[in-house]
Amino acid sequence: MSKKFYITTAIDYANGSPHLGHAYEKVLTDIVARFRRLMGDEVKFLTGLDEHGQKVQMSAQKEGVAPIEVCDRLATEFQGLCTALHISNDDYIRTTQDRHKAAVQDILQKLYDKGEIYKADYNGFYSVRQEQFVTEKEKVDGKWPEIYGDVVEVTESNYFFKLAQYQDWLVDTIKTNEQMIYPRFRSADVLQFLKEPLNDLCISRPKERLEWGIELPFDSDFVTYVWFDALTNYITAAGYGTDEFEQHWPADYHVIGKDILVPPHAVYWPIMLKALGIELPKHFLVHGWWLSSGSKMSKSTGEVVNPLDLIDQFGADAFRYFVTREMNVGQDSEFSIELFMSRYNSDLANDLGNLVSRLLNMGGRYAEGKVPAAEIEDTPEKELKALWATTGAELIPLFEDFQFHKALDRIFTFVSGINRYAETRAPWKLAKSEAAADQAALRTSLATMAEALRLAVVMLTPVMPEISNKIRGLIGADDFDRLEGQLEWGNTLEGKALGEKAILFPRPERKA
Ligand code: MSP
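By the naming in an unreviewed UniProt entry, the protein is Methionine--tRNA ligase, taken from Coraliomargarita algicola. Check the Catalytic activity (unreviewed entry) section of the UniProt entry for the protein; it says "tRNA(Met) + L-methionine + ATP = L-methionyl-tRNA(Met) + AMP + diphosphate". Among the UniProt annotations of the protein, the heading Subcellular location (unreviewed entry) holds the following wording: "Cytoplasm".

Novice: For the pairing of strand S6 (residues 151–161), give the residues involved together with the corresponding values.
Specialist: The pairing of strand S4 (residues 117–127) with S6 spans 11 bridges and is classified as antiparallel. In the sheet register, Asp121 faces S6, and the bridge partner there is Ser157. Relative to strand S8 (residues 201–202), S6 is paired through 2 bridges, and the arrangement is antiparallel. Paired with Phe161 across the strands is Leu201, a residue of S8.

Novice: Tell me what's going on with the packing of helix H13 (residues 337–366) against helix H15 (residues 404–425), and back it up with residues and numbers.
Specialist: Running from N to C, H13 and H15 point in directions that differ by 45°, and their axes come no closer than 10 Å. Considered as vectors, H13 and H15 are oriented oblique to each other. Where H13 crosses over H15, the handedness of that crossing is left-handed. Of H15, the residues touching H13 (which contributes Asp347, Leu348, Asp351, Leu352, Leu355 and Arg358) are Phe412, Val415, Ser416, Ile418, Asn419, Ala422 and Glu423. Residue classes in the contact of H13 with H15 are distributed as 7 nonpolar, 2 polar and 4 charged.

Novice: Mind laying out the pairing of strand S3 (residues 91–94), listing which residues take part and the relevant values?
Specialist: Neither face of S3 is exposed, since Asp91 and Ile93 on one face and Tyr92 and Arg94 on the opposite face are all buried. In terms of strand pairing, strand S2 (residues 43–50) meets S3 through 4 bridges, oriented parallel. Bridging from a neighbouring strand, Thr47 pairs with Tyr92 of S3.

Novice: Go over the site of the ligand with me, naming the residues and quoting the values.
Specialist: The environment of the ligand is made up of 25 residues, and the closest members are Ile11, Glu25, Asp50, Asp259 and Trp290. At a separation of 2.9 Å, an oxygen atom of the ligand approaches a polar side-chain atom of His22. Between Asp259 and the ligand, the recorded distance is 2.5 Å, taken from a side-chain N or O atom to an oxygen atom. When the ligand is considered free in solution it has 660 Å² of accessible area, and contact with the protein chains removes 96% of it. Those elements that provide at least two residues to the shell around the ligand are strand S1 (5–13), helix H1 (20–38), helix H7 (226–231), helix H8 (233–236) and strand S12 (253–257).

Novice: An account of the side chain of Asn419 is requested, with residue identities and associated values reported.
Specialist: With respect to the secondary-structure elements, Asn419 resides in helix H15. With residues up to four places along the chain from it excluded, the contact list for Asn419 reads Asp351, Leu355 and Arg358.

Novice: For the environment of Gly330, give the residues involved together with the corresponding values.
Specialist: Inspection of the secondary structure assignment puts Gly330 in the loop between helix H12 (316–326) and strand S16 (333–334). Here the alpha-carbon distance between Gly330 and Lys258, two residues 72 residues apart in the chain, equals 7.8 Å. Those residues in contact with Gly330 that lie beyond four places of it in its chain are Pro183, Phe185, Arg186, Val286, His287 and Gly288.

Novice: Explain the pattern of salt bridges residue by residue, including any values.
Specialist: Across all of its chains, the model carries 32 salt bridges by this definition. The partner of Arg186 in a salt bridge is Asp189, and the shortest N-O contact between them spans 3.3 Å. Here Arg186 and its partner Asp189 are both found in helix H6 (residues 186–193), 3 residues apart, which amounts to about one turn of the helix. Look at Arg186 and you get buried, because its relative accessible area is 10%. A relative accessible area of 36% places Asp189 in the partly exposed class. As a salt-bridge pair, Asp252 and Lys282 come within 3.1 Å of each other at their nearest N and O atoms. On the criterion of sequence distance, the pair formed by Asp252 in the loop between helix H9 (245–248) and S12 and Lys282 in the loop between helix H10 (261–276) and strand S13 (283–287) is long-range, its members being 30 residues apart.

About the thresholds
- Residues numbered from 1 in each chain as written.
- Predicted model: local features only at pLDDT ≥ 70, side-chain atom pairs only at ≥ 80, totals over all residues.
- Heavy atoms only, no water.
- UniProt positions renumbered as here; feature names shortened; annotations may be inferred.
- Pairing = 2+ DSSP bridges.
- Helix = DSSP H or I, 4+ residues; strand = E, 2+ residues; numbered from the N terminus.
- Axes fitted to C-alpha atoms, helices over the stretch in contact; angles between N-to-C directions.
- Parallel < 35°, antiparallel > 145°, perpendicular 65-115°, else oblique.
- Left-handed = near helix turned anticlockwise from the far one by under 90°.
- Contact = heavy atoms within 4.5 Å.
- Nonpolar A, V, L, I, M, F, W, Y, C, P; charged D, E, K, R; others polar.
- Buried < 20%, exposed > 50% of the residue type's maximum accessible area, 1.4 Å probe, protein only.
- Near = heavy atom within 4 Å.
- Polar contact = N/O pair within 3.5 Å; in protein donor to acceptor, adjacent residues only side chain to side chain.
- Areas by Shrake-Rupley, 256 points an atom, 1.4 Å probe, with all protein chains shown as cover.
- Salt bridge = Lys/Arg side-chain N within 4 Å of Asp/Glu carboxyl O.

See below:
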C-alpha cells in the first residue's frame, strides 16, 4: 500500500475551552489537508486532545469530579469546534485512550531496556503552571517570567531520558536538513537553543504529586510527564506497532505553534524517535500567534476570544477566510473584530457576494436562467483572461509554499477584476439594445463572468469548502475531487442552469 500524506496538529491541552489559536491551527492544517487531497494525495489528518497533567488534575479536584469527566467534557467541546469549522480530520486522538497508553508504555519500556532512561535524584525549581522544572538561566532580570507562575524548589527522585548524548547528532540533522522546519528562519531558534549543553529530560512525576498520567511500565510509583506522553500521540495514531504504521510514518507535516517548536518538537521529539530507531518526521510547519494588543490570546492572560461566536454568527467559511487571509503563516497576526468585519464586508459580501448575486440576477433576467455561449473575444475578455493567466499560474505554487494569504489576495484581485469586467461590459445596458452585436456581447459577458467565477472559486475550495460548493451549485459547475484541469479557462458552463438569486454573506443584523 502506498504511503499516505500524514499531517497532524498539536493536541490541545484539556485545561480550558478552545480559543482562536486552537481554531486557527485546525483551519490551517485542514487547508493543507484539503489541498493535498485535491492534488491527488491520500491524506491522513490527525488532531486531538492532550488530557493528562497537573492542571487537569487540579481543575477536576476543584470541581470535585474525576479528571476523565473534565476531559470528556472538553473533548466534546474541542470536537464540536472541529465540526463547526468543517475540519476534515479523519482521526481524533485522546491521550487517555487505551491505544495511546499502550504505545506510550511500550516506548518507555523499550527506552528503559536500552538504557536510555535512568533514575536519579533531582533538586530544582519547579513551575507549577508550566508543569516543568526551570533553570536559573530562564530568569529575566532576576525573576521568573510571568508565564511560569509560582516557582518552588523541590527535591525528588525521578526518571530521566538521556538527551545530551544526541546533541551533536541533532545539530547536524537540523543543519543538513534545511527543509525540515518551515519557515526556515525558525531553524535558527533551534540551533541557538542547541548552543547550550542539553540537560537530560525529566520524564516522570511521582504519583503522590501527580496521579493523572500514564504509569511508567517499570515503576508503578510514577507516571510519565506531559511531553513524553503528548508527543507520542503522533505515532500512536499512525498505528505504531502495527502494519499500518509504514503507511503513515514518517509524518509529512507536524503543524504547531511557534511556542512548542523549541524544545519539545525540535529537540525532544527527534531525539525520542532517534533513540527508538524510528524515522524523523519530514517537516514541521510552524505558525505564529494570534495577538490582540500585542499579547498572546490564551487562557493564561485572560484574553480569550471565543472563535465559536464568530463562526455561529458569520459561518465557518467566513471565519476560515479571515484567519487565512490575515495570517502570513509563520508570522504573528493581530486579531480584532473590526478587522474581521472589514474583511467580511469588503471581500466577502461586496466583492464575492455581489458578483454572485448580480450574475444570477442578470442570468435570470437576460438569459432565461442559463449560462449563454461566449461568442466574441474583445479587449475586456482578453484583459480578464490575461489576468486569470497570471493569477491561475501562481495559485498552486503559493499553496505549496503555505502562502495562503497571498493566494487569497490574488484570488480576490481576480474577483475584483471580474466585477470591473462587468462594469466595463455593463450587460444591463447591452440588454436594452436590440442590435445583434450588443446581444452577442451581452451573452458573452454573462458567459465570461460565470466561467471566471468558476475559476476564482477553484482554489477557494480548500479555504471555504462550503461556500465554494454552494457557488458551484449556483452556476452549474461540477464538483471535483482533483485539481487537474480545473484551473483552465474553457466553456465549461455553457447551457448550465443558473440558480436563484442568493445572498451568500448576509449583513449582520444591527443591534438596536
Ligand atoms: N498540548 C500541547 C501540545 C502538545 S503537541 C504534542 C499544547 N497545547 S495548547 O492547547 O497550549 O496549544 C495547542 C496549539 O495551539 C499549539 O500549537 C499552540 O501553539 C497553539 N496556540 C495556542 N495559542 C495560540 C495563539 N494565540 N495563536 C495561535 N496559536 C496558538 O501546547
